[in-house]
Amino acid sequence: MDKKIIDRLEDIRNRMIQAHKIFSKAAYELSVTIESLDEDFKDDLESYAKEADSFEPYRDDTIDSILTDIEITIDYIYDLSEGAKWYLSEQNGESISFDEFKALALAFSPKSTNLIYEIKQYYILNSDSSKFDIERTGISKSYDDAKRTLWRGTSRGMPFGTFYEIIERTLNEISCQDFRYWLFNEDGQLLDYAYSDDANHLFKGFDTVRFKPGEIVLFINHQYKTIEPCVIVETPYTINECWELNNRLRDECLGNEEAYTKAIYEKKIKGKDRYKIYTLNVGKIIDCLSVSLIRASDPGDRSRIPMISSEDYRSLKGWYDDYISK
């Protein structure tokens, strides 16, 4: 074997031995120290140390499975350190600033570096139908490359409406997780983005939201491959609203002489990154990611996205007027 490879493996082995000693000592000290901390903090740590996805029946002792176990352990350590960081900053009165809060909300970075970016092009089957299908897909190694691929595809054109999606995800033997989605119109212009549940991203907020309560737009229903008219009932939280919620919860905890932990915020913010919409087909209010909504064409609009019929428009407007009057 090449001596450079042998030397590199020897160096890695020495560092792993050192890391094992450091981690073993830290784990022992953590187990001793945690017994003197309050129950809220213990509960919060438990919310971080979630069980990782694992397929135990198919487990083997190959190098790949061992490396996967190491990656899972690294994630555990990272999550625990983030929980401790939040707790310590609150105990020391070092609450996060709005600029730091906003940076965390907008600059989410998945812990996994094994990421791909899937590009999907959807096309509407005909000018007066609500059905759509996938025209083509592609894979890129970076978001910027995916955008360039998408822009090249827009020049091909389609006889009817087209829209695009980029999905950030991991793809390996253990699991496939989606982290973020981006929605683009037929000209390749970014319309919106959203985090998936797998992202486990705490500060899910938007600088602005595209639609207001009462607006009637189109819902991209991926389950049935339809584009359905809907009315916006509630909008997602903006970053400012997330920030206000964070401060309100913190003040309440301080007033009650309780520890303000990430778990408290996470519980209250859950689901606030969704629109609430009402569609005629479903007949009830449902939660909807921002990347599942698109503006309908207006009369005379050059866009080939479908228009909303006057009958559907009146029905949705009537439902919403009744809803807000109750």
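Figured I'd write up the structure that's included with this text. (Residues numbered from 1 in each chain as written. Predicted model: local features only at pLDDT ≥ 70, side-chain atom pairs only at ≥ 80, totals over all residues. Heavy atoms only, no water.)

Here's the deal with the sheet that holds strand 7 (residues 226-234)
Pairing within the open sheet is antiparallel, and its five strands lie in the order 9-8-7-6-10. The open sheet terminates on both sides in strands that have one partner only, identified here as strand 9 (285-288) and strand 10 (293-294). Of the strand pairs in this sheet, strand 7 and strand 8 (residues 275-279) are connected by four bridges, and their pairing is antiparallel. Its bridge partner lying in strand 8, I232 is registered against I277. Contacts between helix 8 (residues 310-325) and the sheet are confined to strand 6 (216-221), strand 7, strand 8 and strand 9, with strand 7 contributing the most and set at about 25° to the helix. (Pairing = 2+ DSSP bridges. Helix = DSSP H or I, 4+ residues; strand = E, 2+ residues; numbered from the N terminus. Contact = heavy atoms within 4.5 Å. Axes fitted to C-alpha atoms, helices over the stretch in contact; angles between N-to-C directions.)

Regarding helix 7 (residues 262-269)
Of all the positions in helix 7, only K262, Y265 and I269 are classed as buried. One side of helix 7 carries all its buried residues, which in axial view fall inside an arc of 65°. Within two residues after helix 7, G271 carries a phi angle of roughly 85°, on the positive side. (Buried < 20%, exposed > 50% of the residue type's maximum accessible area, 1.4 Å probe, protein only. Arc of directions from axis to C-beta.)

Structural notes on a nonpolar patch on the surface
A surface patch of nonpolar side chains, about 520 Å² in accessible area, is lined by I5, L9, I12, M16, I70 and I74. Ranked by residues supplied to the nonpolar patch, first place goes to helix 1 (residues 3-33) with four residues. Secondary-structure assignment places I12 in helix 1. The class for I12 is partly exposed, based on a relative accessible area of 32%. (Patch = residues over 30% accessible without salt bridge, like charges linked within 9 Å, V, L, I, M, F, W, Y side chains within 5 Å. Areas by Shrake-Rupley, 256 points an atom, 1.4 Å probe, with all protein chains shown as cover. Salt bridge = Lys/Arg side-chain N within 4 Å of Asp/Glu carboxyl O.)

Examining the pairing of strand 7
Where burial is concerned, most of strand 7 is hidden: eight out of the nine residues are buried. Sheet topology note: the strand 6/strand 7 ladder contains six bridges and is antiparallel. Its bridge partner being in strand 7, V217 is matched across the sheet by C230.

Describing the pattern of salt bridges
A side chain of one charge can pair with a side chain of the opposite charge if their charged atoms are brought near each other. The full count for this structure, using the stated rule, is 15 salt bridges. Ionic pairing is found between D273 and K204, a salt bridge with its closest N-O pair at 3.7 Å. Taken together, the positions of D273 in the loop between helix 7 and strand 8 and K204 in the loop between strand 5 (190-195) and strand 6 put the pair 69 residues apart, joining distant regions of the chain. Judged by relative accessible area, D273 falls into the buried class, the value being 7%. For the salt bridge of D321 with K317, the shortest nitrogen-to-oxygen distance reads 3.1 Å. A residue pair is termed a helical-turn pair when its members lie 3 or 4 positions apart in one helix, as D321 and K317 do in helix 8 at four residues. Several salt bridges share partner residues, and in doing so they unite D197, K204, D273 and R274 into one network.

Looking at the sheet that holds strand 4 (residues 178-184)
Overall, antiparallel pairing links the five strands, which are arranged 2-1-3-4-5 in an open sheet. On the outer flanks of this sheet lie strand 2 (132-140) and strand 5, each paired with one strand and no other. Adjacent strand axes in the sheet meet at a mean angle of 20° when their direction is disregarded. Sheet analysis places strand 4 next to strand 5, joined by five bridges and oriented antiparallel. Within the sheet, the bridge partner assigned to F184 lies in strand 5 and is L190.

A few points about the nonpolar core
Note that soluble globular proteins tend to have their nonpolar side chains buried in a common cluster. Grouped together as the largest cluster of nonpolar side chains are 23 residues, with contacts concentrated most on F132, F163 and L218. Mapped onto this core, the elements with two or more residues apiece are strand 1 (115-124), strand 3 (162-170), strand 4, strand 6, strand 7 and helix 8. Ignoring any residue separated from it by four or fewer positions in sequence, one finds L218 in contact with I227, E228, P229, C230, S292, L293, I294, A296, I305, P306 and I308. In this structure, F108, L115, A146 and A199 belong to the second largest nonpolar core, which totals 16 residues. (Core = buried A, V, L, I, M, F, W, Y, C linked by side-chain atoms within 4.5 Å.)

Some details on the pairing of strand 4
Across the seven residues that make up strand 4, a large majority, seven, are buried. In this structure, strand 3 lies alongside strand 4, joined through six bridges in antiparallel fashion. Its bridge partner being in strand 4, Y164 is matched across the sheet by F184. Taken together, strand 4 and the strand that follows it, strand 5, pair antiparallel across an intervening segment of five residues, in which G188 is found at a positive phi of about 80°.

Topic: the packing of helix 4 (residues 98-106) against helix 6 (residues 239-255)
Where helix 4 contacts helix 6, the two axes come as close as 10 Å, and the packing angle between them is 125°. Compared by their axis directions, helix 4 and helix 6 come out oblique. By crossing handedness, the relation of helix 4 to helix 6 is classed as right-handed. Contacts between helix 4 and helix 6 pair F98, F101, K102, A105 and L106 from the former with I239, N240, C242, W243 and N246 from the latter. Residues of the contact of helix 4 with helix 6, tallied by class, amount to seven nonpolar, two polar and one charged. (Parallel < 35°, antiparallel > 145°, perpendicular 65-115°, else oblique. Left-handed = near helix turned anticlockwise from the far one by under 90°. Nonpolar A, V, L, I, M, F, W, Y, C, P; charged D, E, K, R; others polar.)

Looking at the packing of aromatic side chains
What the rule picks out here adds up to 16 aromatic pairs. A centroid spacing of 5.6 Å and a plane angle of 70° characterise the contact between F132 and F163, whose relative ring orientation is edge-to-face. Placement of F132 in strand 2 and of F163 in strand 3 is noted, with a sequence separation of 31 residues between them. Aromatic pair W319 and Y323: ring centres 5.1 Å apart, planes at 15°, arrangement stacked. On the criterion of helical spacing, the pair formed by W319 and Y323 is a turn pair, its members being four residues apart in helix 8. Ring pairs connect the aromatic residues F98, F101, F203, W243 and Y265, which therefore count as one cluster. (Phe/Tyr/Trp six-rings, centres within 6.5 Å; stacked < 30°, edge-to-face > 60°.)

Scope: geometric values only; no functional claims are made or implied.
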